Structure formats: C-alpha cells, structure tokens
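Residues per chain, in single letters:
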Protein chains: 2
Amino acid sequence: MTTLDARQQILAANQAAAQELRQRFVAQGTYVVNLISSPGSGKTTLLATLARKLGRRQRCAVVVGDIATELDADRLRAAGMPAHQIVTGGSCHLDARMVAGALDVARFGMLDLLLIENVGNLVCPANYDLGEHCKMVLLSVTEGADKPFKYPGIFSKADIAVLTKWDLRNVVPFDERAVVQQIQALRPGGRILRASSITDEGIDELCTLLEQRVGACKAAAQR
Amino acid sequence: MTTLDARQQILAANQAAAQELRQRFVAQGTYVVNLISSPGSGKTTLLATLARKLGRRQRCAVVVGDIATELDADRLRAAGMPAHQIVTGGSCHLDARMVAGALDVARFGMLDLLLIENVGNLVCPANYDLGEHCKMVLLSVTEGADKPFKYPGIFSKADIAVLTKWDLRNVVPFDERAVVQQIQALRPGGRILRASSITDEGIDELCTLLEQRVGACKAAAQR
C-alpha cells in the first residue's frame, strides 16, 4: 500500500463517519459549525463571547479539540457554555469518529447549535469533514494579510470567514482590502465578518447570522 | 498495513534522508536552523530582519516552505537574502527530501548559516527532522500565553524559543511569566529570547547567539 493509498483510505473512512453524523444533525435540527484557525487566532475567546450572548437564547454546546490539555473546555464551561474536550494526543486535527465519540460521552441533550472548535492548525483540519453544516475560518488581524492565498484549502472551504482581534487593526500593519479580495477569490459568495471579543464589535452580526441558520436548520428538520 | 505502520515508514524514510543531510551540513560546517511557528507569527519578517543584520557578516540563505504561493521567497530576496521556495502543494510540513531537492536546485554555494522556514503550522513540522542542528520555535505575544502546554511537541524539541512581536506585549493580554514557565518545563535549559522586528529589540541578541553557533559549527568541521 502506498502512502497515497493509506491517506485516501483514511479520508474515505472519515467521510463515511462524517456522513452518519451529518444525517443525525440534520434529523435533529442541530446546526453545526466547525471552527478552524491558527493557534491563537481567538477561537476559544470568540466562543466564550458567543456563550454570553447566544447561550441565553439558544441551546448551545461546544466540542473542543486540542493536542494536549483541557484548558479550553475549562474556560468555556466557566463562561457558561456546556463543553467537552477531545485531547487528540498528538493528532493535528479532529476527525468525525472523535466527534461522534465525544458526543456519546458528553450527552448534551437536544441542541440548537453545536460549535466544534478544531485543533489550532490552518492546514490539516480543512481536509476532515466532521459532518458540519459549515466551516468557519478565523484569521486574526495580527497574522498579516497574505494568509488566504497561502492557505487556500481552508479559505476555499469555509463559508464564513471572521477577521478577529478587529480592535487591533490599526495597531498592526493589516491590509483589509487585500485580505477581503483573496477570500472572495477563493470562496465567492462566502460571508466575511469583522469581530472583536474585546470591544464586542461584530459579535451581534455573527450571532444574527448563526441564529438565522439555526432557524433554517430547525425548519428543515420539521418539514 | 495499518495507518500506524504507514506513518512509521514515512517517518523512518524521512529520518534516513535527514541523517544524510545532517552529515553533509556537519562536514561543510554549515549551521542549520529549522524555524517553526503558527501562520503569522513573524517567521518571514524575522528572517528579513536577520538578512539585513547578519547577511553582511555571514554567508546565509533561506529555504522556505509554503503550501501555496512563492510570496515568502520573493520577500526574502527583496531583503537581500538568497532564498529558494518549496511549494508543498498541500503538505502541512517540510520533509528532508524536499529540503535536499531544494538545495540541489538552489545551488547556494558554501554557506555559514542555512535557515529553513517551515510551513506555518505548530503541529506537524515538529515530527519531521530536516537534518538541522537546531529547531527554533516562534510564538508571537498576540497568540496568548497558553500555547506551549497546548503544543508540547514543538516546544519540547526546540532549542531556541523566540517570543515575537515583542513591541505589542503591552497592547494585548500576555502573561510572560506563564509562557516562560511552560517553555522551561518542556525544554529545560533551552534559550528564550524576546524580539521585535519593528523596534529591533532582541535582534542583536539573536544574531549573537546564531553567530556563536555558526562559529562552533565551523570549528568542529575544521578539526
């Protein structure tokens, strides 16, 4: 068996597990978002902010992946968000079986919105379907404006791109126009939001977007 | 063949290629650094700064890896650093064969210092030996203070850790003491530097450290 064969088998097995998850999410009317970004782009901070805003109106929970430590789940639970930590023990991405296993253990009950915080990595997680409705990529303004074209995999697959740490946009060199042009070229029609968990800028817009999708998902399940 | 077998075979083949590279570097007296960090931590900016400072005194070159685009090599050549781009076409890390192939094509001539800028990824590159003398991990202060324990692989293997974007340390929440404690726990005796390519803080210290190692490498080759 070649390396390529092994890789194709791994991805095919993941796809089958993801398809099972997706059917379950669709039948239950649970909208699922797969959050992907570099380490330190602000995934957990954004989720803690969403917990505070959305958590009162929607039944939300988070599954969070890290190579080591349970820090993120602890932070999210402290913010009032039901959270389950997957420690991948070295693996650079979540896969669908890990998520299915986590949901079996976590027993969140019926959810309107499940947020999956992937391992901090802009590369490998893009290739693993988790049965989600949508991938959301985060790019902090401190990471520089050349990233979408350097990491085209995730920026072409993510239906929502959030430019995070927006409060720092004037503190660091950041070419907003260049970033927006690259994202639009890679994902025509995708949504681009600007958000700061410090100033709350953009958070209401993100909540509104997610709640619209939660509503549509629920309506589809009831038909 | 299981996935684990396939992975072990890939790593074993890489180790053999890395060992060949290492013998060549040692014999030539070329000191080699493998730079690893998240996307946007400032690898290319730091290298451009080193080009300006070190490039006058040492024969330096860069091999730079990206999934897509030749942007980084272009930037480095503009800064006066001989540079060769490896476009990995999706692969999330450099491996030793890619580096060997790049050196064959680049024909840099005799070098005192070869800097290898890995793909922006704090996870996978840590597992692939490139024949380097030392791994250098970059962590920007904007990424937050919890990262070493969340990415123990690279922080335990890197002999030098550089806290980058040091000029922003008072603009963002950053717990220097916590970061230093984590790095020291993972890599006792490793060097920790603070650097800003904007203010030049810490750059001379890094240059001095690298030049000491270049000198020791050259002396060993001449014995």
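Because the structure is predicted, anything quoted here is derived from the model rather than measured.

Visitor: Just give me the short version of the overall build of chain A, but keep the residues and values in it.
Guide: Assigned secondary structure in chain A consists of eight helices and seven strands. The C-alpha atoms of chain A give 17 Å as radius of gyration, which agrees with the globular expectation for 223 residues (17 Å, within 12%). The principal-axis extent of the C-alpha atoms belonging to chain A is close to 50 × 45 × 40 Å.

Visitor: How would you explain the sheet that holds strand β3 (residues 83-87) of chain A if you had to name every residue and give the values?
Guide: Residues and elements named next belong to chain A. The seven strands are arranged β3-β2-β4-β1-β5-β6-β7 in an open sheet whose pairing can be described as parallel. Edge positions in the open sheet fall to β3 and β7 (191-194), since each of these has one partner strand only. Here the average twist between neighbouring strands, direction ignored, is 20 degrees. Pairing analysis gives four bridges linking strand β1 (residues 31-36) to strand β5 (residues 134-140), with the strands arranged parallel. Note that in β5 the partner of I36 across the bridge is V137. Against the sheet, helix α2 (residues 43-54) contacts β1, β2 (60-66), β4 (113-117), β5 and β6 (160-164), and its axis sits at roughly 165 degrees relative to β4.

Visitor: Tell me about the relation of the copies chain A and chain B, and name the residues and values.
Guide: Note on the identical chains: chain A maps onto chain B by a rotation of 180 degrees and an axial translation of 0.0 Å, with an RMSD of 0.0 Å. Each copy turns onto its partner about a two-fold axis.

Visitor: With reference to specific residues and values, describe the pairing of strand β2 (residues 60-66) of chain B.
Guide: Residues and elements named next belong to chain B. The element β2 is largely enclosed, with a buried count of seven among its seven residues. Here five bridges tie β2 to strand β4 (residues 113-117), and the two strands are oriented parallel to one another. Paired with V62 across the strands is L115, a residue of β4. Bridging between β2 and strand β3 (residues 83-87) involves five bridges; their strand directions are parallel.

Visitor: Break down the environment of S156 of chain B for me, with residues and values.
Guide: Mapped onto the fold, S156 of chain B is located in helix α6 (residues 152-157). Along the chain, S156 of chain B and Q184 of chain B lie 28 residues apart, while their C-alpha atoms are 8.8 Å from each other.

Visitor: Talk me through the interface of chain A and chain B; I want residue IDs and the actual numbers.
Guide: Put simply, an interface is often sized by how much accessible area is lost when its parts join up. Contacts between the two partners involve 32 residues from chain A and, on the opposite side, 33 residues from chain B. Class assignment of the residues belonging to the side of chain A that touches chain B gives a composition of 16 nonpolar, 11 polar and five charged.

Visitor: An account of the sheet that holds β4 of chain B is needed here, citing residue identities and associated values.
Guide: Residue and element names in this part refer to chain B. With parallel pairing, seven strands are arranged side by side in an open sheet as β3-β2-β4-β1-β5-β6-β7. Each end of this open sheet is capped by a strand with a single partner; those strands are β3 and β7 (191-194). Here the average twist between neighbouring strands, direction ignored, is 20 degrees. Most of the contacts of helix α3 (residues 71-78) go to β3, to which it runs at about 175 degrees, and overall it touches β2, β3 and β4. Packed onto the sheet, helix α4 (residues 96-106) meets β2, β3 and β4 and runs at close to 135 degrees relative to β3.

Visitor: Explain α4 of chain B to me, using residue names and the numbers behind them.
Guide: Residues and elements named next belong to chain B. Considered for burial, the residues of α4 that qualify are A96, M98, V99 and L103. Down the axis, α4 shows its buried residues gathered within 155 degrees of arc, on one side only. Across from the buried face of α4, at angles greater than 90 degrees, the exposed residues are D104 and V105. Positive backbone phi, at 45 degrees, marks R107, one or two positions downstream of α4.

Visitor: Run through the nonpolar core, naming residues and quoting values.
Guide: Generally speaking, soluble globular proteins have nonpolar side chains that are buried together. Among the nonpolar cores identified, the biggest contains 129 residues, and I116 of chain A together with I116 of chain B are the most heavily contacted of them. Contacts of I116 of chain A, omitting those with residues within four sequence positions, involve V32, V33, N34, L35, V63, L94, V99, L130 and E132 of chain A.

Visitor: How would you sum up the pairing of β7 of chain B? Please name residues and give values.
Guide: Regular strands place their side chains on alternate faces of the sheet. Residues and elements named next belong to chain B. Here strand β6 (residues 160-164) pairs with β7 via four bridges, running parallel. Bridged to L163 within β7 is R194. In this fold, the crossover linking β6 to β7 by way of helix α7 (residues 176-186) has right-handed handedness.

Visitor: Kindly report on the packing of helix α2 (residues 43-54) of chain B against helix α8 (residues 203-222) of chain B, identifying the contributing residues and their values.
Guide: All names here are of chain B. Interhelical geometry of α2 versus α8 gives an angle of 70 degrees and a closest axis separation of 11 Å. Between α2 and α8, the crossing angle belongs to the class labelled roughly perpendicular. Residue-level contacts link T49, L50, K53 and L54 of α2 to I203, C207 and L210 of α8. Split by residue class, the contact of α2 with α8 holds five nonpolar, one polar and one charged.

Visitor: Can you tell me about the packing of α2 of chain A against helix α3 (residues 71-78) of chain A, naming the residues and giving the values?
Guide: Residue and element names in this part refer to chain A. As a packed pair, α2 and α3 sit with axes 9 Å apart at the nearest point and diverge in direction by 20 degrees. Considering the angle they form, α2 stands roughly parallel to α3. The handedness of the crossing between α2 and α3 is right-handed. Touching T44, L47, A48 and A51 of α2 are D72, R75 and L76, all from α3. For the contact of α2 with α3, the residue count by class is four nonpolar, one polar and two charged.

Visitor: Run through the confidence of the model for chain A, naming residues and quoting values.
Guide: On average, residues of chain A score 96 in pLDDT, and 98% of them are at 70 or above. What the predictor reports for the complex is a pTM of 0.95 with an ipTM of 0.92.

Visitor: Lay out unusual backbone geometry with the relevant residues and their values.
Guide: Residue and element names in this part refer to chain B. Here R107, not a glycine, exhibits a phi torsion of approximately 45 degrees, which is positive. Assignment of secondary structure puts R107 in the loop between α4 and β4. If you check the backbone angles, D200 has positive phi at about 70 degrees while not being a glycine. Mapped onto the secondary structure, D200 falls in the loop between β7 and α8.

Visitor: An account of the environment of N14 of chain A is needed here, citing residue identities and associated values.
Guide: Residue and element names in this part refer to chain A. For N14, the location among the structural elements is in helix α1 (residues 3-28). Using a count of 21 C-beta atoms within 10 Å as the deciding quantity, one classes N14 as buried. Between the C-alpha atoms of N14 and A221, which are 207 residues apart in sequence, the distance is 24 Å. Once residues within four sequence positions are removed from consideration, N14 is found in contact with D95, A96, Y128 and D129.

The rules behind each value
Residues numbered from 1 in each chain as written. Chains lettered and ligands numbered in written order. Predicted model: local features only at pLDDT ≥ 70, side-chain atom pairs only at ≥ 80, totals over all residues. Helix = DSSP H or I, 4+ residues; strand = E, 2+ residues; numbered from the N terminus. Rg over C-alpha atoms; globule rule 2.2 N^0.38 Å. Pairing = 2+ DSSP bridges. Axes fitted to C-alpha atoms, helices over the stretch in contact; angles between N-to-C directions. Contact = placed C-beta atoms within 7 Å. Least-squares fit on C-alpha atoms with pLDDT ≥ 70 in both. Buried ≥ 20, exposed ≤ 12 C-beta atoms within 10 Å, placed from the backbone. Nonpolar A, V, L, I, M, F, W, Y, C, P; charged D, E, K, R; others polar. Arc of directions from axis to C-beta. Core = buried A, V, L, I, M, F, W, Y, C linked by C-beta atoms within 7 Å. Right-handed = clockwise from strand over helix to strand, strands pointing away. Parallel < 35°, antiparallel > 145°, perpendicular 65-115°, else oblique. Left-handed = near helix turned anticlockwise from the far one by under 90°. pLDDT = per-residue confidence, 0-100.

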